[in-house]
Amino acid sequence: MNAAGQVDQIFVTIKSWLVGHAPAPFQTLVSIVLMIAAIIVVFAALFALTVLLERKGLGRIQNRYGPNRVGPFGVLQPIADALKALTKEDVVPRAADAVVHYLAPLVLVGTVFLAFAVLPIGRNMTAVNLDAGVLFFFAIGSATELSIFMAGWSSRNKYSLLGAMRAIAQMVSYEIPLILSAVAVVMMSGTLSTVAIVEQQAHYTAGIAHWNVFTPWGLAGFILFMIAAMAETNRSPFDLPEGESEIIAGYFLEYSGFKFALFFLAEYVEMMAVSGMAITLFLGGWSSPLSFLQWFPSWGWFFLKLLAFLGVFIWIRGTLPRLRMDQLMNFAWKFMLPMTLIVIFSAGLWRFLAPPVVGPGVLGAVIRWLVCALVIFAPYIVLARTLERGRKIEKRTYRFAE
Amino acid sequence: MLGEGIIQGLVETARNFFGSYVEKERLVTVQFPEERRELPEATRNFPFLLYDGGDPMAGLRCVACQICEKECPPHCIHIEKSKDKKPDFVGKAQAYPAVFDIDVSVCMSCQICVEVCPFDAIRMDTAFELSTDNRFGGLLWTKEQLAKSNDYYRTIHPTEAAECDERRAKEAEEAKGKAAAAAAAAAAKAAAAASGGTPSAGGTSANGTAGNGAKAAPAAPEQTEVKP
């Protein structure tokens with residue numbers, strides 16, 4: 001094994017070395033504990049980094065500095081935030097259902113971290129290689145709805161409940177386009193195993209990887225998946241469940257101190273989880289985009305892509321205002337759902353237009369690409385026109401009481 | 001087309017993000033304790049008491065007339081008049097405040113005390129960092145804390161201070177003229193009453209300090225026995 005390969009497999013080697021020290025009956029247990037600890041530590045640290053980047057990034061987007069007082073350039077801000085969250089008083093409303101109120105953040109964080117079990121973080125670096133990994137991921141993703149509703153319901157606060165209801169409505173609606181856009185990938189790769197999906201994309205033609213995002217259905221599916229993922233994780237512009245201006249903070253209104261911090265953590269970790277899934281499904285997981293870049297460790301590629309995703313999340317949060325509830329629902333059912341179905345159709349077409357059908361060589365590939373892209377783009381235009389018909393966008397005028 | 005506006009918005013925020021690193025005028029934040037924006041001359045925040053000369057307590061212009069105390073809408077001024085009197089800049093015997101307190105936490109910066117003061121004794125300050133860790137004593141400012149020199153007034157509100165100084169110099173001049181006339185009249189009377197007697201001491205005071213110009217009479221010469 002060469003040096004690059006050794007660096008690539010360094011964590012796998014360290015883990016097997018550590019496990020080797022444990023007595024034989026406990027080796028499985030030690031291995032599991034090590035993987036869980038690694039996932040929790042790495043993604044919690046990444047959470048701290050993301051919060052810092054988000055606050056600095058949003059600041060720059062709004063033409064201000066962002067936090068710059070704690071440590072050089074404010075890099076120690078996450079530590080100050082964590083200390084603040086830890087030392088704050090934990091208030092439980094008298095009327096709240098104390099047990100459920102206590103359990104909600106724990107269930108949320110637990111389920112959110114479980115999603116990482118099936119994500120291939122690097123070559124041979126998947127905690128559990130399930131045959132139905134994609135299915136497991138979405139099943140676990142749905143469980144976050146339960147904990148959000150637990151939080152909203154148990155707080156016994158109207159705003160909390162409103163937030164939870166909004167969250168449920170939103171997450172149930174957007175789960176369908178989320179899963180349907182993943183279905184196209186599953187159809188094409190013929191497997192539900194995340195490891196196999198990534199390995200299929202880690203092949204190269206003329207130096208370029210076979211990532212799904214380079215196909216028309218993959219590109220469209222990827223965009224739809226990311227929109228749905230944003231709604232699924234209650235990120236701006238889909239952060240209606242926690243709309244500060246309308247329902248104060250939504251379902252975690254009655255949470256303070258560390259429990260609130262757990263909700264905050266869960267939101268960001270969930271964001272990383274869906275980004276990880278998008279990377280796995282569409283952006284070739286740990287594989288490098290060009291074949292000559294393969295010397296860079298596979299886990300490095302994964303985290304680079306993940307950071308890019310987090311950056312885009314922050315960018316979008318700094319750009320778009322919050323949607324209204326009817327806009328949110330209309331968008332899910334009238335646009336996202338038909339588009340995902342069209343993407344699935346296009347994926348099928350892509351499959352049947354495989355090289356021998358449209359002709360050999362580069363020309364055939366280009367024709368295949370263009371035909372499949374047209375199948376998605378034409379309905380998109382029609383759909384967008386239809387949705388905008390009859391809607392007058394004009395400057396709003398205000399009428400005041402006489 | 002659907003999604004076009006989103007792209008435009010993303011471009012705009014990206015321009016803001018990168019622009020804030022290169023264009024100084026984009027980043028308008030003033031990092032307060034280290035950097036300070038220069039205050040405009042019209043800044044007014046909290047009143048202070050003016051004094052002339054070197055000794056703050058002796059040079060206070062305030063004569064404890066208590067107009068400001070009565071006019072103050074939130075009643076944040078507390079004045080106690082002195083029992084004895086001392087001469088003011090035109091030489092008139094005036095009381096002075098034995099106690100002059102302003103409650104910072106009550107003051108609403110309305111400047112009415114400044115407008116009603118006939119003695120140019122109270123003016124608005126530009127200082128705004130008035131917070132303290134002692135909310136009982138720390139926010140009640142006594143006359144020692146309130147007293148600030150005329151030079152300070154000239155630095156914070158130059159135009160207004162120049163106008164005030166000019167007016168006061170004129171008043172002092174007029175008072176001096178009247179005093180001289182009165183002294184001359186008294187001297188003439190004395191001379192007429194007792195021809196060949198010693199000349200009055202009051203006559204010498206008229207040609208005292210003539211060149212105080214802009215500086216409004218730091219210590220007026222003794223003219224207490226003459227009525228203008």
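Positions within a chain are numbered from 1, following the residues in the order the chain's sequence is written. Labels follow written order: the first chain is A, the first ligand is 1, and so on. Note on the predicted model: pLDDT of at least 70 is required for a residue's local features to be given, and 80 or more for side-chain atom pairs to be given and counted; whole-chain, interface and lining totals, by contrast, use all residues.

**Student:** Could you clarify how one ought to interpret the overall build of chain B in this entry?
**Tutor:** On a plain count of helices and strands, chain B comes out with six helices and eight strands. In this text, helices come from DSSP runs of H or I with a minimum length of four residues, and strands from runs of E with a minimum of two, each type numbered from the N-terminal end. In sequence order, chain B lays out its α and β elements as α-β-α-β-β-β-β-α-β-β-α-β-α-α. Taking all 228 residues of chain B together, the buried fraction comes to 21%. Intrachain contacts of chain B at a sequence separation of at least 6 include 68% that bridge at least 24 residues. Partly exposed residues are those falling between the two cut-offs: more than 12 but fewer than 20 other C-beta atoms within 10 Å of their own, whereas 20 or more means buried and 12 or fewer means exposed, with C-beta atoms placed from the backbone. Contact between two residues is assigned when their C-beta atoms, built from the backbone, lie within 7 Å.

**Student:** Quick question: what am I supposed to make of the overall build of chain A here?
**Tutor:** Within chain A, the regular secondary structure consists of 14 helices and two strands. For 402 residues, the compact-globule formula gives about 21 Å, and the C-alpha radius of gyration of chain A, at 23 Å, lands near that figure. Considering only C-alpha atoms, chain A reaches an extent of 70 × 70 × 40 Å along its principal axes. For chain A, buried positions account for 40% of its 402 residues. Across chain A, the fraction of contacts at a sequence separation of at least 24, relative to all contacts at a separation of at least 6, is 76%. Only C-alpha atoms enter the radius of gyration, while the globule expectation follows 2.2 Å times N to the 0.38, with N the number of residues.

**Student:** What's the story with the interface of chain A and chain B in this structure? I'm lost.
**Tutor:** A common way to state how big an interface is: give the accessible area lost once the parts meet. Every contact between the two is made by 13 residues of chain A and, on the other side, 13 residues of chain B. Among the secondary structure elements, those contributing two or more residues to the side of chain A that touches chain B are α3 (27-61), α12 (298-319) and α14 (361-388) of chain A. Within the side of chain A that touches chain B, the residues separate by chemical class into six nonpolar, four polar and three charged. Gly is placed with the polar residues, together with every amino acid not listed as nonpolar (Ala, Val, Leu, Ile, Met, Phe, Trp, Tyr, Cys and Pro) or charged (Asp, Glu, Lys and Arg).

**Student:** It is not clear to me how unusual backbone geometry should be interpreted in this structure. Could you clarify?
**Tutor:** Excluding glycine, residues mostly have negative phi values, and the peptide bonds linking residues are mostly trans. Note that the residue after Ser236 of chain A, namely Pro237 of chain A, is joined by a cis bond; omega there is 5 degrees. Mapped onto the elements, Pro237 of chain A comes out in the loop between α9 (216-232) and α10 (244-247). Although it is not a glycine, Ser109 of chain B sits at a positive phi angle of roughly 60 degrees. C-beta crowding within 10 Å serves as the criterion here: with 12 such atoms nearby, Ser109 of chain B is assigned to the exposed category. Phi angles above zero are rare outside glycine, and Asp120 of chain B is one such case at about 50 degrees. On the secondary structure map, Asp120 of chain B appears in the loop between α3 (112-116) and β6 (122-125).

**Student:** What exactly am I supposed to notice about the sheet that holds strand β5 (residues 97-103) of chain B here?
**Tutor:** The strands making up a sheet are joined through hydrogen bonds of the backbone, oriented either antiparallel or parallel. Residue and element names in this part refer to chain B. Read across the open sheet, the three strands follow the order β2-β5-β7; overall the sheet is antiparallel. The sheet terminates laterally at β2 (77-81) and β7 (140-141), the two strands that pair on one side only. Direction of pairing for β2 relative to β5: antiparallel, over a ladder of five bridges. Looking at the pairing, Ile79 lines up with Phe100 of β5. For two strands to pair, DSSP has to find at least two bridges joining them.

**Student:** Would you mind going over the sheet that holds β6 of chain B with me for this structure?
**Tutor:** Residue and element names in this part refer to chain B. Strands sit in the order β6-β1-β8 across an open sheet of three strands; the sheet is mixed. Strand pairing shows two members of the sheet lacking a second neighbour, β6 and β8 (147-149), which therefore form its edges. Looking at each pair of strands side by side, their axes are set apart by 55 degrees on average, direction ignored. With three bridges joining them, strand β1 (residues 46-51) and β8 adopt parallel strand pairing. For Leu50, the partnering residue across the bridge sits in β8 and is Lys148. To obtain an axis, a line is fitted to C-alpha atoms, over the contacting stretch when the element is a helix, and the angle between two such axes runs from 0 to 180 degrees between their N-to-C directions.

**Student:** Which parts of the structure should I look at to understand the pairing of β5 of chain B?
**Tutor:** Along any regular strand, the residues point their side chains to alternate faces of the sheet. Pairing of β5 of chain B with β7 of chain B, which is carried by two bridges, proceeds in the antiparallel orientation. Within β7 of chain B, the position partnered with Asp103 of chain B by the bridge is Leu140 of chain B.

**Student:** What is the right way to look at helix α11 (residues 257-282) of chain A in this model?
**Tutor:** Working note: α-helix, 3.6 residues per turn, so residues spaced by three or four point in the same direction. Residues and elements named next belong to chain A. The end-to-end C-alpha distance of α11 is 38 Å, a good match for the 38 Å that 26 residues give at a rise of 1.5 Å each. Of all 26 residues in α11, 19 are buried, a share of seventy percent or more. Just downstream of α11, Gly284 is the residue with a positive phi angle, here 65 degrees. To estimate the expected span of a helix, count its residues, drop one, and scale the result by 1.5 Å.

**Student:** Quick question: what am I supposed to make of the nonpolar core here?
**Tutor:** In summary, soluble globular proteins display a tendency toward joint burial of nonpolar side chains. Residue and element names in this part refer to chain A. Buried Ala, Val, Leu, Ile, Met, Phe, Trp, Tyr and Cys residues form a nonpolar core when they are connected through C-beta atoms within 7 Å. Counting residues in hydrophobic clusters, the biggest one holds 92 residues, and the most contacted among them are Phe225, Ala228, Val269, Ala278, Phe282 and Val343. With 14 residues, the top contributor of residues to this core is α11. Once you skip the residues sitting within four places of it in the chain, Val269 turns out to touch Phe43, Phe47, Val112 and Phe113.

**Student:** Where do I start with the packing of α11 of chain A against α12 of chain A in this structure?
**Tutor:** The packing of two helices is summarised by the inter-axis angle and the distance between the axes. All names here are of chain A. At a minimum axis distance of 9 Å, the contact between α11 and α12 shows a crossing angle of 120 degrees. It follows that α11 is oblique to α12 by the angle criterion. When you trace α11 past α12, the crossing you get is right-handed. Note on element contacts: α12 touches α11 through Phe302, Lys305, Leu306, Phe309, Leu310 and Phe313, opposite Met271, Met272, Ser275, Gly276, Ala278 and Ile279. Considered class by class, the residues forming the contact of α11 with α12 number nine nonpolar, two polar and one charged. Between 65 and 115 degrees an angle is taken as roughly perpendicular, under 35 as roughly parallel, over 145 as roughly antiparallel, and anywhere else as oblique. Handedness of a crossing follows from how the near helix is turned relative to the far one, being left-handed for an anticlockwise turn of less than a right angle and right-handed for a clockwise one.

**Student:** How should I be thinking about the confidence of the model for chain B in this particular structure?
**Tutor:** Segments scoring low in pLDDT should not have their predicted coordinates read at a detailed level. Residues and elements named next belong to chain B. The predictor attaches a confidence to each residue, and that confidence, scored 0 to 100, is pLDDT. Taken residue by residue, chain B gives an average pLDDT of 80. The fraction at 70 or more is 85%. Ignoring residues within four places in sequence, the model shows residues 199-228, a span with pLDDT below 50, making 53 contacts including any to other chains. In the model output, the complex is listed with pTM 0.76 alongside ipTM 0.77.

**Student:** Where do I start with the packing of helix α13 (residues 325-352) of chain A against α14 of chain A in this structure?
**Tutor:** Residue and element names in this part refer to chain A. For the pair α13 and α14, interaxial distance at closest approach is 10 Å and the crossing angle is 165 degrees. With respect to their mutual orientation, α13 and α14 come out roughly antiparallel. Both α13 and α14 take part in a crossing whose hand is right-handed. Residues Lys334, Phe335, Pro338, Met339, Ile342, Val343, Phe345, Ser346, Leu349 and Trp350 of α13 pack against Arg368, Cys372, Val375, Ile376, Pro379, Tyr380, Leu383 and Leu387 of α14. By residue class, the composition of the contact of α13 with α14 is 15 nonpolar, one polar and two charged.

**Student:** Explanation requested: the environment of Ala169 of chain A in the structure shown.
**Tutor:** Residue and element names in this part refer to chain A. Within the secondary structure, Ala169 sits in helix α7 (residues 158-189). By the C-beta count within 10 Å, which is 16 here, Ala169 ends up partly exposed. Between the C-alpha atoms of Ala169 and Gly66, which are 103 residues apart in sequence, the distance is 34 Å.

**Student:** Please explain the environment of Ala184 of chain B as it appears in this structure.
**Tutor:** Within the secondary structure, Ala184 of chain B sits in helix α6 (residues 158-193). Taking the C-alpha atoms as reference points, Ala184 of chain B and Leu140 of chain B, 44 residues apart in sequence, are found 49 Å from one another.

**Student:** How do you make sense of α14 of chain A when you look at a structure like this?
**Tutor:** All names here are of chain A. Taking 1.5 Å per residue, 28 residues should reach 40 Å; α14 reaches 41 Å between its end C-alpha atoms and fits that length. Of all the bends in α14, the greatest measures close to 25 degrees and is centred on Leu374. Residues of α14 that are buried include every one of Arg368, Cys372, Val375 and Ile376, and no others. On its buried side, α14 packs onto α9 and α13. Fitting axes to the seven residues ending at a residue and to the seven starting there, one defines the bend at that residue as the angle between these axes.

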